[in-house]
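Letter by letter, the chains look like this.
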Amino acid sequence: YGDLRLESSSDLPAESFDPLEIRLGLAWIPAEGMLLAFDLSYHLPTFSPYERIVLARDKWDDLYDELFAPRVERRGVLNANVGFEWVIVGEWPLRVGAFTNFSAAQPLGPFEPGLEKIDIVGGTVSAGYNFESFAINFGFLGSVGWGEAQAFNRVAGPDDPTYFRRDARYDLFYFFISGAQRVVTDTIEDWMAAAPEGGDEAQVE
């Protein structure tokens with residue numbers, strides 16, 4: 001048995017909100033052809049809950065999914081990234097990196113729908129070759145996460161919890177190929193080569 005009902009309503013506000021972010025990055029060149037980079041970012045919390053989507057609730061209540069959280073409040077979260085690059089003989093770049101992507105979702109409760117809360121960590125590795133005006137890289141990215149999500153209690157009584165907390169898992173693995181042309185760099189180098197070297201020559205020209 002199935003039931004389908006479509007309704008439309010116009011001129012309803014729908015807004016999304018991204019908290020402010022503070023980011024600090026550092027880079028160090030320990031030797032020629034080597035680069036070590038570190039990035040730290042802090043996502044500020046939302047100071048008051050906001051609506052994910054604003055609808056006329058009395059009209060749309062029966063269309064809401066029981067697990068849809070209409071109000072969102074995010075906590076502050078700190079993430080870090082670190083990367084290492086080694087260009088061997090000036091032509092073979094080798095890159096390794098690691099990162100975190102912690103969840104800013106609030107802890108889940110038994111009576112209110114909430115966003116799933118999954119903390120993710122991951123890493124990347126790639127190798128490639130730098131041609132005269134083109135670079136190509138082959139790499140792998142993997143990330144895993146653990147956390148919790150909600151399940152709706154369909155047989156809940158008046159005093160029973162509306163939602164159960166359940167373990168949640170996130171996995172993402174993929175290989176990639178990337179390439180880039182040194183168009184901008186080559187253009188700047190050509191401009192620098194064509195520019196006059198002395199002040200007198202520049203005035204004469």
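Since the model is a prediction, treat every value here as computed from it, not as a measurement.

What follows covers the overall build of the chain. Of regular secondary structure, the chain possesses three helices and nine strands. Taken from N to C terminus, the helices and strands of the chain fall in the order β-β-β-α-β-β-β-β-β-β-α-α. The buried share among the 205 residues of the chain stands at 20%. Put simply, 58% of the contacts in the chain that link residues at least 6 apart link residues at least 24 apart. Accessible surface for the chain amounts to roughly 15000 Å². Of this, 59% is attributable to carbon and sulfur atoms.

This part covers the packing of aromatic side chains. In this description, a pair of aromatic rings is defined by centroid distance and the angle of the planes. All told, the structure shown has six aromatic pairs when counted by the stated rule. Ring centres of Phe140 and Phe175 lie 5.0 Å apart, and the angle between their planes is 50°; this geometry places the pair in the tilted category. Of this pair, Phe140 sits in strand β8 (residues 134-152) while Phe175 sits in strand β9 (residues 163-181), and the two are 35 residues apart along the sequence. Its relative accessible area of 28% is what places Phe140 among the partly exposed residues. Overall, Phe175 belongs to the exposed group, its relative accessible area being 71%. Connected via pairs of aromatic rings, a cluster forms that spans Trp92, Tyr129 and Phe131.

Next up on the list: the confidence of the model for the chain. Mean pLDDT over the chain works out to 83, with 80% of the residues at or above the 70 mark. For the stretch residues 201-205, pLDDT sits under 50, and the model shows three contacts to residues farther than four places along the chain or on other chains.

For Arg74, the location among the structural elements is in the loop between β4 (71-72) and β5 (77-88). For the pair Arg74 and Gln106, spaced 32 residues apart in the sequence, the C-alpha separation amounts to 6.0 Å. Filtering out sequence-adjacent residues up to four positions away, Arg74 remains in contact with Pro19, Pro45, Thr46, Tyr50, Ala104, Gln106 and Leu115.

So, about the sheet that holds strand β1 (residues 21-28). Taken in spatial order, the seven strands of this open sheet run β1-β2-β5-β6-β7-β8-β9, and their pairing is antiparallel. If you trace the sheet from one side to the other, it starts and ends with β1 and β9, each paired once. Put simply, the sheet's adjacent strands are angled 10° from each other on average, direction ignored. Of the pairings in the sheet, the one linking β8 to β9 comprises 19 bridges and is antiparallel in character. Across the sheet, Ile136 pairs through a bridge with Gly179, a residue of β9.

We now examine the pattern of salt bridges. Applying the stated criterion across every chain, the model contains five salt bridges. Glu21 serves as the salt-bridge partner of Arg23, at 2.4 Å between the closest nitrogen and oxygen. The exposure class assigned to Arg23 is partly exposed, which follows from its relative accessible area of 48%. Residue classification places Glu21 among the partly exposed positions, given a relative accessible area of 38%. Arg165 serves as the salt-bridge partner of Glu148, at 3.9 Å between the closest nitrogen and oxygen. Taken together, the positions of Glu148 in strand β8 and Arg165 in strand β9 put the pair 17 residues apart, joining distant regions of the chain. We classify Arg165 as exposed; its relative accessible area is 52%. One continuous salt-bridge network, built from bridges that share partners, spans Glu21, Arg23 and Asp39.

Turning our attention to the side chain of Ser41. Examined against the element boundaries, Ser41 turns out to sit in strand β2 (residues 34-43). The exposure class assigned to Ser41 is buried, which follows from its relative accessible area of 2%. Apart from residues lying up to four places away in sequence, Ser41 is in contact with Glu21, Ile22, Arg23, Val77, Leu78 and Asn79.

What counts and what doesn't
- Residues numbered from 1 in each chain as written.
- Predicted model: local features only at pLDDT ≥ 70, side-chain atom pairs only at ≥ 80, totals over all residues.
- Heavy atoms only, no water.
- Helix = DSSP H or I, 4+ residues; strand = E, 2+ residues; numbered from the N terminus.
- Buried < 20%, exposed > 50% of the residue type's maximum accessible area, 1.4 Å probe, protein only.
- Contact = heavy atoms within 4.5 Å.
- Areas by Shrake-Rupley, 256 points an atom, 1.4 Å probe, with all protein chains shown as cover.
- Phe/Tyr/Trp six-rings, centres within 6.5 Å; stacked < 30°, edge-to-face > 60°.
- pLDDT = per-residue confidence, 0-100.
- Pairing = 2+ DSSP bridges.
- Axes fitted to C-alpha atoms, helices over the stretch in contact; angles between N-to-C directions.
- Salt bridge = Lys/Arg side-chain N within 4 Å of Asp/Glu carboxyl O.

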